[in-house]
Number of protein chains: 4
Amino acid sequence: NKSYLLKLTCPDDLGVMAKITGHLYQHGAFIINARHFADPEQQRFNMRIEFDDRQFSLSQQAFEQEFAGFAAAMNMTYQLRCALSRPKIIIMVSREDHCLNLLLNKWQSGVLKADICAIISNHQNTRKLAEFYGIDFHYLPIDKNYKAQQEAKLWQLFCEYDGDLLVLARYMQILSDDLCTKLQGRAINIHHSFLPGFKGAKPYQQAYDRGVKIIGATAHYVTEDLDEGPIIVQEVKAVDHATTVKDMIEIGHDIEATALARAVRWHVEDRILLNGQRTVIL
Amino acid sequence: NKSYLLKLTCPDDLGVMAKITGHLYQHGAFIINARHFADPEQQRFNMRIEFDDRQFSLSQQAFEQEFAGFAAAMNMTYQLRCALSRPKIIIMVSREDHCLNLLLNKWQSGVLKADICAIISNHQNTRKLAEFYGIDFHYLPIDKNYKAQQEAKLWQLFCEYDGDLLVLARYMQILSDDLCTKLQGRAINIHHSFLPGFKGAKPYQQAYDRGVKIIGATAHYVTEDLDEGPIIVQEVKAVDHATTVKDMIEIGHDIEATALARAVRWHVEDRILLNGQRTVIL
Amino acid sequence: NKSYLLKLTCPDDLGVMAKITGHLYQHGAFIINARHFADPEQQRFNMRIEFDDRQFSLSQQAFEQEFAGFAAAMNMTYQLRCALSRPKIIIMVSREDHCLNLLLNKWQSGVLKADICAIISNHQNTRKLAEFYGIDFHYLPIDKNYKAQQEAKLWQLFCEYDGDLLVLARYMQILSDDLCTKLQGRAINIHHSFLPGFKGAKPYQQAYDRGVKIIGATAHYVTEDLDEGPIIVQEVKAVDHATTVKDMIEIGHDIEATALARAVRWHVEDRILLNGQRTVIL
Amino acid sequence: NKSYLLKLTCPDDLGVMAKITGHLYQHGAFIINARHFADPEQQRFNMRIEFDDRQFSLSQQAFEQEFAGFAAAMNMTYQLRCALSRPKIIIMVSREDHCLNLLLNKWQSGVLKADICAIISNHQNTRKLAEFYGIDFHYLPIDKNYKAQQEAKLWQLFCEYDGDLLVLARYMQILSDDLCTKLQGRAINIHHSFLPGFKGAKPYQQAYDRGVKIIGATAHYVTEDLDEGPIIVQEVKAVDHATTVKDMIEIGHDIEATALARAVRWHVEDRILLNGQRTVIL
């Protein structure tokens, strides 16, 4: 059988779930997995369905055409794709490679069902790791006077690779508003604090100075407002008065890497729907 | 509008969600909230739906009759009740009152939408608390030679109050197999360990002796096999080498109380379905 | 034997631990429990020692005099008291009583080794609970035009009871800068967010709007800068897209109550040292 | 300055801390960091001290001799070493490389202050990773009829490398009692459950079948009693009814890797003291 991933959002009216599942049933889609969330505030219905074609009454093409018509009638935004197709990921990284390293390990072990096409960095030190995993490496150093050119090159690479997702795996550089807009919903960043606490630079130093008893990491979509994008995953770890900034950085590495890897996985599996400033994970 | 709570389980076949939501839609049930889980192992479909009658095409009675027929055709086990009806709870407690105290506080603040009919104890010390909250108190002391009589009395009280749920809020006495069977799915216990670790008596001493770095509490349905019933909620808390057994007991009080209160709340809101040895929380 | 609690802070020089423990040893103080923390940033040495007099070579009075001289020579700030003496607590509360309720339960069970002298509220609803526990209740309603008088009355009560600690158990009113200064290091507040995120009013609504995946509660000392005081305890709990503001409030109740109770306990047991903006918990 | 790490355990008598810190002070050891724990049950005093020689009144050799005499008089077991010396680690691994991968990343980034001398595996698949990091790789396949020979070879390698610590990074093979005894306190294993729950094989399947709501990982010293050794680190993660065994395995990978890496780090930094069946982490 061939499996499909459908994610959709539409206005939440009477009978919306009956209509959607009824439409699939009528054309023989066999639901393997389904989750939904009807947001009472926004009156939006969000759903993710994994189904296969074992009882399809139509060809794939006809099924997709039928669904497109149905979706239009329901005022629905949706994405339907073959479950085996693999989203294309470009990873950006700065000097610290702990997030990159976990992503590569999970990718190689088959947990991350995507194609990692390229690693782009403003430093050379991760080149060897990229080569070890057989992934293209691009060195895009940053020169204050040529930031726009560097970003243009980055965007060009993303387009050349036909990228679906840009992962900022501790890239530590701010993208321009223009690029953020282009990448809306297609770029995930890891911020090394429990947002909205400690935005901006040196969050562990900030956390130390404030004397918090728990530190965190936040994976979120990139938006023009720095560290304000929709949150996907947060992880936390207890610390105490004896935890130095250096300790926090080291403890933080673990939760940064796992939070980012989880967020990337959920994105790749089409589990995340944007619901205004918030995410729905299905 | 009048709201209803429906919880159901049936075999997971093609179109089951379409049929169920279609049936509700057809009779004008307006879904406020719905969650489902299709267990791939057991091939069971579980669902909880909260709906109201704002667009009912039938009387309540007719709707219920229609649904009964539909359920039979679907080979469905279900429970349908008015959301405003309040389950009747009997709480059993021994000397330690921290779990009882939290349940009463949540009940009084309106979080626990149930009627707490009676508190039964083998000690007198919680009588005053019961009186403060205006709840019947029954003192059923335990005499080794008259255990069966004490339990018979307990069961009699449960029946007289027309109890829906028996909560063992640190009752610390083992119920007979017979009573466990009678109360299947209707009795919740809190065990002061992270089950399946440290079953039986003195779990904190056991945890201390084993040198664990995290302790826990487990709220579960009571079954004939002591501490083996389906788990509803587990909570944990970090400890270290300096944590004494006395400290563990004190730390444990907090997670016992909150785990039990959450489990009772979910039961009362019809969120829990039994799925073999496991629970599904919707 | 008679036990003592000593907590101290002094500059961190060569041999400071040897000198302090040597002084105690020399006069026969038998250390039951000791913890220390030498802050490398502030170059401060902090220590908490529990000892008894089983081998005292001096009278209590002479011991205390000796220690005072020693402390002066060490440039030490310290507090030495008999372990059995009980700090006096005044609790302030607004309408919501979940924090108060847990404090009272822990106090009655003997975990909180302090005297709760009075409960002060701007509402009448917790009067009965105070009476149940046999604690004085004072109703100090708030009138916008007489805020200063209300606060003067509050301070008068605190003084009359000879209070050691003021606990704001969800009091929900801002104290004046003057009163905050008077109560420095002697007033603990619970804020219903994971500070520094979501300061000010309606933190759960703020958390919901921001779409965080974990909520928190923070017990901290009160300072003139609202929600900026030194943090004592933080607790967190995972939430998801389906968690409403109302759910957050209810989930939050549990972590607010336990975080505050822990902070109050540690204060009462002389475990907390102020280290600039940060706390050291020993 | 030259720094030293001292870890010690001795009977807990009057003045023990004064004597130890006094001895160091007398010879000019400048304490950078110290933690201790006096176990009230076992009446043992445990301490870890990091000090430097900036004010040493003796040569290193004389200091060590003096300390040896002092330790004997105190009935003390201790280990004193230069902080810069690096323990030698041998890692054993089976097919799954997530734990190994994190250890190597932390080692390369300088967090793990040890020499990783060799990776030994009963499979070939991690050979390339070893080569990438420039570490010796030994393939020791397992043949049921030659288990003793394989283990003899393993022990020989450990001795040849002059190993200080054997890390079982998901090695999945049981060591003989004899080897466990030889390696007592020098071998760390990661078990993929929250011990003592789910010992033995397929712990995630066991956890799924039991329906727990939290899964865990446990890093512990290896002893002859399988999965019964002293626990060093435990980590947990929430799961729910929808979490499959496969999901658990994937979620578990993260906590296994971080728990093991932390345990190895603490061992390497001489932070762990064995206290009967329990560990003290200083």
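Residues numbered from 1 in each chain as written. Chains lettered and ligands numbered in written order. Predicted model: local features only at pLDDT ≥ 70, side-chain atom pairs only at ≥ 80, totals over all residues. Heavy atoms only, no water.

**Section: helix 8 (residues 245-268) of chain B**
All names here are of chain B.
- The end-to-end C-alpha distance of helix 8, which contains 24 residues, comes to 33 Å, matching closely the 34 Å that a straight helix rising 1.5 Å per residue would cover.
- Within helix 8, the axis deviates most sharply at G252, by approximately 30°.
- Most of helix 8 sits out of view: 20 of its 24 residues are buried.
- Two residues or fewer after helix 8 comes D270, characterised by a positive phi angle close to 55°. (Helix = DSSP H or I, 4+ residues; strand = E, 2+ residues; numbered from the N terminus. Expected span 1.5 Å × (residues − 1). Bend = angle between axes of the 7 residues up to and from the residue. Buried < 20%, exposed > 50% of the residue type's maximum accessible area, 1.4 Å probe, protein only.)

**Some words on the interface of chain C and chain D**
- Listed by partner, the interface residues are 16 residues for chain C and 16 residues for chain D.
- Surface buried jointly by chain C and chain D totals about 1,400 Å² across both partners, of which 74% is contributed by carbon and sulfur atoms.
- Considering only the surface of chain C that becomes buried against chain D, L14, M17 and Y25 of chain C emerge as the three largest contributors, covering 42% of it.
- Taken together, chain C and chain D are joined by zero salt bridges.
- Remark: the boundary between chain C and chain D carries four residue pairs in polar contact (both at pLDDT 80 or more).
- The set of elements that each furnish at least two residues to the side of chain C that touches chain D consists of helix 1 (16-26) and strand 2 (30-39) of chain C.
- Among the elements that take part in the side of chain C that touches chain D, helix 1 of chain C stands out by supplying six residues, more than any other.
- For the side of chain C that touches chain D, the residue count by class is nine nonpolar, five polar and two charged. (Contact = heavy atoms within 4.5 Å. Buried area = accessible area lost by both parts, 1.4 Å probe. Salt bridge = Lys/Arg side-chain N within 4 Å of Asp/Glu carboxyl O. Polar contact = N/O pair within 3.5 Å; in protein donor to acceptor, adjacent residues only side chain to side chain. Nonpolar A, V, L, I, M, F, W, Y, C, P; charged D, E, K, R; others polar.)

**Concerning the sheet that holds strand 3 (residues 44-52) of chain A**
All names here are of chain A.
- Overall, antiparallel pairing links the four strands, which are arranged 2-3-1-4 in an open sheet. In this open sheet, the two edge strands, each paired with only one partner strand, are strand 2 (30-39) and strand 4 (77-82). On average, adjacent strands in this sheet sit at an angle of 5° to one another, irrespective of strand direction.
- The pairing of strand 2 with strand 3 spans nine bridges and is classified as antiparallel. Paired with F37 across the two strands is N46, which belongs to strand 3. (Pairing = 2+ DSSP bridges. Axes fitted to C-alpha atoms, helices over the stretch in contact; angles between N-to-C directions.)

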